[in-house]
Amino acid sequence: MGLFSLTQELAIDLGTANTIIISNGKIVVDEPSIVAVDQHSGKLVAIGNQARQMHGKTHQNIKTIRPLKDGVIADFNAAELMLRGMIKKVNFSGHLFNPSLRMVICIPSGSTNVEIRAVRDSAEHAGGREVSMIYEPMAAALGAGLDVEAPEGHMVIDIGGGTTEIACISLGGIVCSESINVAGDVFTEDIQSYVRQQHNIRIGERTAEDIKIAVGAAVSELDEEPEDYVVTGPNILTALPSTLTLSYSEIAYSLEKSLVKIDAAVMKVLEMVPPELYADVVKNGVYLAGGGALIRGLDKRLHDKTNLPFHIAEDPLRAVVRGTGIALKNINKFSFLMR
Ligand SMILES: Nc1ncnc2c1ncn2[C@@H]1O[C@H](COP(=O)(O)OP(=O)(O)OP(=O)(O)O)[C@@H](O)[C@H]1O
Ligand SMILES: [Mg+2]
């Protein structure tokens, strides 16, 4: 970064659960998409990791907000505060002047024009001069190392916090896709309500997420079994503390009704894939990205349902931002970027 390089380039994955930013080929921000604001003044108190620590533990003066819901901006002001704050964290010290920002930012494939506009406005208000956008499944495919411009069918499934997106890609375009609002957040809610209904114990969102990460599974039998998870919470009947031991099989059971919806969405896309591309997908396999790809046995479950090979992208939580970074580098070459 030289004295006169006045354009800073950023690749941004503005996710429902996590916001990740790449600058100069390196990940410079990777934090939860949360802000904490003062209820009275509306001023920012904390963002990212610091705000997540406060989530579920606030009092009347402070509230925490997750600005995105189901993959799209739900609270425009909070989204803008967050994006601005995250961009500030990127170190601009190599510059003598404030650089002008060139950004590539990703959006869900099912976005409406209004939703796309909201992302663009947020990015521009946060300082973006030249803002380009890329559809998330395209970014996930690039991040998984696939040659998206080839005349060849590639299929990707990105299971994030808010949405699961399934797409078949060929010749630099999305041939067919499906997006559903069943993803990590819904899995977390499933666990929370299962523990309450089956065991009469109340647990918070963060605890439920910890359980999901520790013993989350998509099949009731795994080759490598994680250790049981011990959780303590108030009994809903007595308000006294109760302790419970959860196995991965029990969690797989609690997630079943949501996993079935993901299975169905995958089948729906497979039905839409044109035959020539289908043959490529059979040969190349399907790539899983996003934090949901880390649910144990999900690849095996989908393989058993479809008979296709499934691969988990390297570092799946960062596949989309990596792909967005590749798009940024090829900004003049990739025709699928939206300006
Ligand atoms: N090891 C794990 N096992 C299961 N789920 C996980 C694991 N690690 C992270 N997750 C979940 O993955 C989700 C976050 O994934 P990701 O960062 O890909 O989402 P996002 O990009 O922010 O959301 P979206 O793409 O829907 O806007 C969260 O729900 C998180 O709980
Ligand atoms: Mg995502």
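What counts and what doesn't
- Each residue is numbered by its place in its chain's sequence as written, counting from 1.
- Just so you know, chain letters begin at A and ligand numbers begin at 1, following the order they were written in.
- Where totals are concerned, whole chains, interfaces and linings use all residues; where local detail is concerned, this predicted model gives features only for residues with pLDDT of at least 70, and gives and counts side-chain atom pairs only at 80 or more.
- Numbering goes from the N terminus for both helices and strands, where a helix is a DSSP run of H or I of at least four residues and a strand is a run of E of at least two.
- In this description the radius of gyration comes from C-alpha coordinates, and the expected globular size is given by 2.2 Å times residues to the power 0.38.
- Exposure in this text rests on C-beta crowding, where 20 or more other C-beta atoms within 10 Å of a residue's own make it buried, 12 or fewer make it exposed, and counts in between make it partly exposed. The C-beta atoms are placed from the backbone.
- The contact rule is simple: place each C-beta atom from the backbone, and if two of them lie within 7 Å, those residues are in contact.
- In this entry, near means the residue's backbone-placed C-beta atom lies within 6 Å of the molecule or strand.
- In the scheme used here, Gly and all other residues not listed as nonpolar or charged are polar, with Ala, Val, Leu, Ile, Met, Phe, Trp, Tyr, Cys and Pro taken as nonpolar and Asp, Glu, Lys and Arg as charged.
- Strands are treated as partners if at least two bridges between them are detected by DSSP.
- Seen with the strands pointing away from the viewer, any crossover whose path from the first strand over the helix to the second strand runs clockwise is right-handed.
- Inter-axis angles, ranging from 0 to 180 degrees, are taken between N-to-C directions of lines fitted to C-alpha atoms, where helices are fitted over the stretch in contact.
- Reported orientations rely on four angle classes, namely roughly parallel under 35 degrees, roughly antiparallel over 145, roughly perpendicular from 65 to 115, and oblique for the rest.
- Throughout, the arc means the angular range of directions from the helix axis out to the C-beta atoms.
- Boundaries between domains were set according to an automatic or database domain assignment.
- What we call a nonpolar core is a set of buried Ala, Val, Leu, Ile, Met, Phe, Trp, Tyr and Cys residues whose membership is set by joining through C-beta atoms within 7 Å.

Enquirer: Summarise the overall build of the chain; cite the residues concerned and give the values.
Expert: What the chain contains, in helices and strands, is 10 helices and 17 strands. The C-alpha radius of gyration of the chain comes to 21 Å, within 12% of the 20 Å expected for a compact globule of 339 residues. In terms of overall dimensions, the chain has C-alpha extents of about 65 × 60 × 35 Å along its principal axes. Out of the 339 residues in the chain, the part that is buried amounts to 46%. If you take every contact in the chain between residues at least 6 apart in sequence, the share linking residues at least 24 apart comes to 65%.

Enquirer: Got a sec to walk through the site of ligand 1? Specific residues and values, please.
Expert: The immediate surroundings of ligand 1 are formed by 22 residues, with Gly 15, Ala 17, Gly 160, Gly 184 and Gly 291 found nearest. Those elements that place two or more of their residues in the shell around ligand 1 are α5 (184–199) and α6 (205–215). Among the elements that make up the shell around ligand 1, the one with the highest residue count is α6 (three residues). Of the residues contributing to the shell around ligand 1, the split by class is six nonpolar, 13 polar and three charged.

Enquirer: Break down unusual backbone geometry for me, citing the residues and quoting the values.
Expert: Backbone geometry places Asn 200, a non-glycine residue, at a positive phi of 60 degrees. The residue Asn 200 is located in the loop between α5 and α6 in this model.

Enquirer: Any chance you could break down the pairing of strand β16 (residues 286–289) for me, citing the residues and the numbers?
Expert: Neither face of β16 is left uncovered, since the one carrying Val 286 and Leu 288 and the one carrying Tyr 287 and Ala 289 both have all their residues buried. Of the strand pairs in this sheet, strand β11 (residues 154–159) and β16 are connected by four bridges, and their pairing is parallel. Residue pairing for β16: Val 156 is matched across the bridge by Tyr 287. Relative to strand β17 (residues 310–312), β16 runs parallel, the two sharing three bridges. The residue bridging Tyr 287 from the neighbouring strand is His 311, located in β17. In terms of handedness, the path from β16 via helix α9 (residues 298–306) over to β17 forms a crossover that is right-handed.

Enquirer: An account of the packing of helix α4 (residues 136–143) against helix α10 (residues 319–329) is needed here, citing residue identities and associated values.
Expert: Here α4 crosses α10 at 90 degrees, and the two axes come no closer than 6 Å. Between α4 and α10, the crossing angle belongs to the class labelled roughly perpendicular. Taking contact as the criterion, the partners of Glu 136, Ala 139, Ala 140, Ala 141, Leu 142 and Gly 143 in α4 are, on α10, Ala 319, Val 320, Arg 322, Gly 323, Thr 324, Ile 326 and Ala 327. Of the residues assigned to the contact of α4 with α10, the class counts are eight nonpolar, three polar and two charged.

Enquirer: Before we move on, can you summarise α9 with the specific residues and values?
Expert: Among all positions of α9, only Leu 298, Asp 299, Arg 301 and Leu 302 are buried. For α9, the angular spread of buried residues about the axis comes to 160 degrees, placing them on one side. Buried residues along α9 sit in contact with α7 (248–272), β16 and β17. Immediately downstream of α9, the backbone of Asn 307 shows phi near 70 degrees, a positive value.

Enquirer: Describe the environment of His 311, and please don't skip the residues or the numbers.
Expert: By the secondary structure assignment, His 311 is in strand β17. Separated by 76 residues in the primary sequence, His 311 and Asn 235 have C-alpha atoms spaced 41 Å apart. Leave out the neighbours within four places in its chain, and His 311 touches Gly 285, Tyr 287 and Leu 288.

Enquirer: Residue-level account of the domain arrangement of the chain, with values.
Expert: When cut into domains, the chain gives domain 1 (7–139 + 320–329), domain 2 (152–182 + 259–317) and domain 3 (184–254). If you average the C-alpha positions of domain 2 and of domain 3, the two centres end up 27 Å apart. Listed by partner, the interface residues are 14 residues for domain 2 and 10 residues for domain 3. Among the elements that make up the side of domain 2 that touches domain 3, the one with the highest residue count is α9 (three residues). Residues of the side of domain 2 that touches domain 3, tallied by class, amount to five nonpolar, six polar and three charged.

Enquirer: Lay out the nonpolar core in plain terms, naming residues and giving numbers.
Expert: One finds Ile 105, Ala 141, Val 156 and Ala 289 to be the most contacted residues of the largest nonpolar core, which totals 96 residues. Top contributing element to this core by residue count: α7, with eight residues. Setting aside residues no more than four positions away along its own chain, Ala 141 makes contact with Leu 146, Val 148, His 154, Val 156, Ile 169, Tyr 287 and Gly 323.

Enquirer: An account of the sheet that holds strand β4 (residues 35–38) is needed here, citing residue identities and associated values.
Expert: With respect to topology, three strands assemble into an open sheet ordered β5-β4-β6, the strand pairing being antiparallel. Edge positions in the sheet fall to β5 (44–47) and β6 (62–65), since each of these pairs with one other strand and no more. Neighbour-to-neighbour, the strand axes of the sheet open up by a mean angle of 20 degrees, direction not taken into account. Sheet strands touched by helix α2 (residues 76–89): β4, β5 and β6. Its angle to β5, the strand with the most contacts, is close to 60 degrees.

Enquirer: Any details on the sheet that holds strand β9 (residues 100–107)? Residues and values, ideally.
Expert: The strand order across the open sheet formed by five strands is β3-β2-β1-β9-β10, and the pairing between neighbours is mixed. Both edges of this open sheet fall to β3 (26–32) and β10 (128–135), since each of them pairs with a single strand only. For this sheet, the mean angle separating the axes of adjacent strands, direction not counted, is 20 degrees. Summarising the sheet, β9 and β10 pair through seven bridges and their orientation is parallel. Of the residues in β10, the one forming a bridge with Leu 101 is Gly 128. Docked against the sheet, helix α3 (residues 113–125) engages β1 (7–14), β9 and β10, running at close to 145 degrees with respect to β10. Across the face of the sheet, α10 comes into contact with β1, β2 (18–23), β9 and β10 while running at roughly 150 degrees to β1.

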